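# Working through the structure, step by step
Here is what each chain is made of, one letter per residue.
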Amino acid sequence: MPVTFSKSTLLLSLLLGMGGAYAANASNAPEAAVASAQGIPHPAVIAHRGASFDAPESTAASYKLARDLGADYLEMDLQRSKDGVLFALHDNGLLRTTDVAKKFPERKDSPASAFTLAELKTLDAGSWFNQAYPQRARPSFVGLPILTLDEIIDIAQGNPQHKPGLYIETKEPKQFPGIERDLKNKLTERGWLKPVTTTAGNVAPQTGEGKGRVILQTFEKNSLELLQKEMPDTPKILLLWIGEGGMAASSGVSFADSGEKDKAAYYAKLQPKDKDEFLHWLDVAKANGAIGTGPSAALTHGGAQSYFDLIQPWMNKATHDKGLLVHVYTLDEPVDFKKATDAGVDGIFTNRASELLKYYQRPAAKSVNQLLEQNGY
Ligand code: G3P
Ligand code: CA
């Protein structure tokens, strides 16, 4: 991802940022009508890899917690096993979030897609969390398995009081030719490409029942085209990024040459090459069937999920002016929820669904601890 910046970049970003204060009131914005037409809550709470601040990402503990907290969507990164089964895992490899080094030492650096589902299912995808976050560790997280898409669908359907939708990313789609069709086939088989209404009377359908029960997301234009071809009626989001395969950056200084103390500081100063470059990607999204974009954000306190500031008010206004929604990734703190909301976003990817729901004044009736215990963790 060769991305760079310079002093001229910083000047340009100041100029671009002079689009003025664009603060959308989430409940009244015209975008609420755009979202409503797609059956998408506004603003939307997108549980990033589940409630992954509180439980190991992309495991049953994480997805059940997000569901029971009341998140609108369970977010996942979709991959395909060596024997053709769709499963959820963010990283290309297994080292960070499983004990692959212990179970398959000779293959520890292989991509997850080089393993059969039976092999993947032998891995412990929970213990790493206890080691990384001892203050949130639980003995019951030890041994949690990687989940298939089928299993996540079961979880999404598993609470009669709240049925979240699915927000599915085709991960590294070039590695998985045909994954868009595989996904369509699975969603069709499970009845997830048609709205279903199990709610009686005049009660509005839940996210997991209406038209927007599935949202498809990708960073890759080519995968967006294929998703549109396979599932033309399903809402899609083009994820935005500065770098290879995404927006051109305004200059070519590498992180190593930038003098910045960490990647977050480096990313925060990067900008699209110019305003037209940003607008071009909105056109790419729209021309290929997306109903919105998923831009990154620079987080107030930095960290590994702090990237480019692509939710500046002028950017959100330009996106809205083209009839597109903005779902920003990945925010966990109220200070960033407020900044993003003031800048006009229509939904937020978060690892902390409990906190975002509180921010949107939709707090869960039970605590994170109570819900984890209720689910046997
Ligand atoms: O899907 C977009 C959001 O999840 C951020 O990207 O790298 O966490 O999949 P990533
Ligand atoms: Ca993702």
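All of the points below concern the structure found in this document. Note that the coordinates shown come from a computational prediction; the quantities given were computed from them, not determined experimentally.

## Some thoughts on unusual backbone geometry
For the bond running from His 42 to Pro 43, omega is 0°, close enough to zero to count as cis. Mapping Pro 43 onto the fold places it in the loop between helix 2 (30–38) and strand 1 (44–47). Omega for the peptide link from Tyr 329 to Thr 330 comes to -20°, which places this bond in the cis form. Tracing the backbone shows Thr 330 in the loop between strand 9 (325–328) and helix 14 (334–343). Despite not being glycine, Ser 58 shows a phi value in the positive range, around 60°. Looking at where Ser 58 falls in the secondary structure, it is placed in the loop between strand 1 and helix 3 (60–69). Positioned with a positive phi, Gln 361 is a non-glycine residue whose angle comes to about 60°. Along the chain, the position of Gln 361 falls in the loop between helix 15 (353–359) and helix 16 (368–374).

## Thoughts on the pairing of strand 9
Side chains Leu 325 and His 327 project from strand 9 onto one buried face, and the interleaved Val 326 and Val 328 project onto a second face that is buried too. Strand direction decides the pairing type here: strand 8 (residues 292–294) and strand 9, joined by two bridges, are parallel. Pairing of Gly 292 across the sheet is with Leu 325, part of strand 9. Traced from strand 8 through helix 13 (residues 313–321) to strand 9, the parallel crossover comes out right-handed. Bridging between strand 9 and strand 10 (residues 347–350) involves two bridges; their strand directions are parallel. The residue of strand 10 that forms the bridge with His 327 is Gly 347. Between the parallel pair strand 9 and strand 10, the chain is carried across by helix 14, and the sense of this crossover is right-handed.

## Regarding the pattern of salt bridges
Throughout the structure, instances matching the rule amount to 28 salt bridges. Ionic pairing is found between Asp 262 and Lys 261, a salt bridge with its closest N-O pair at 4.0 Å. Where salt bridges share partners, they join Arg 49, Glu 57, Asp 77, Asp 91, Arg 96, Glu 169 and Lys 171 into one cluster.

What counts, and at which threshold
Residues numbered from 1 in each chain as written. Chains lettered and ligands numbered in written order. Predicted model: local features only at pLDDT ≥ 70, side-chain atom pairs only at ≥ 80, totals over all residues. Heavy atoms only, no water. Helix = DSSP H or I, 4+ residues; strand = E, 2+ residues; numbered from the N terminus. Buried < 20%, exposed > 50% of the residue type's maximum accessible area, 1.4 Å probe, protein only. Pairing = 2+ DSSP bridges. Right-handed = clockwise from strand over helix to strand, strands pointing away. Salt bridge = Lys/Arg side-chain N within 4 Å of Asp/Glu carboxyl O.

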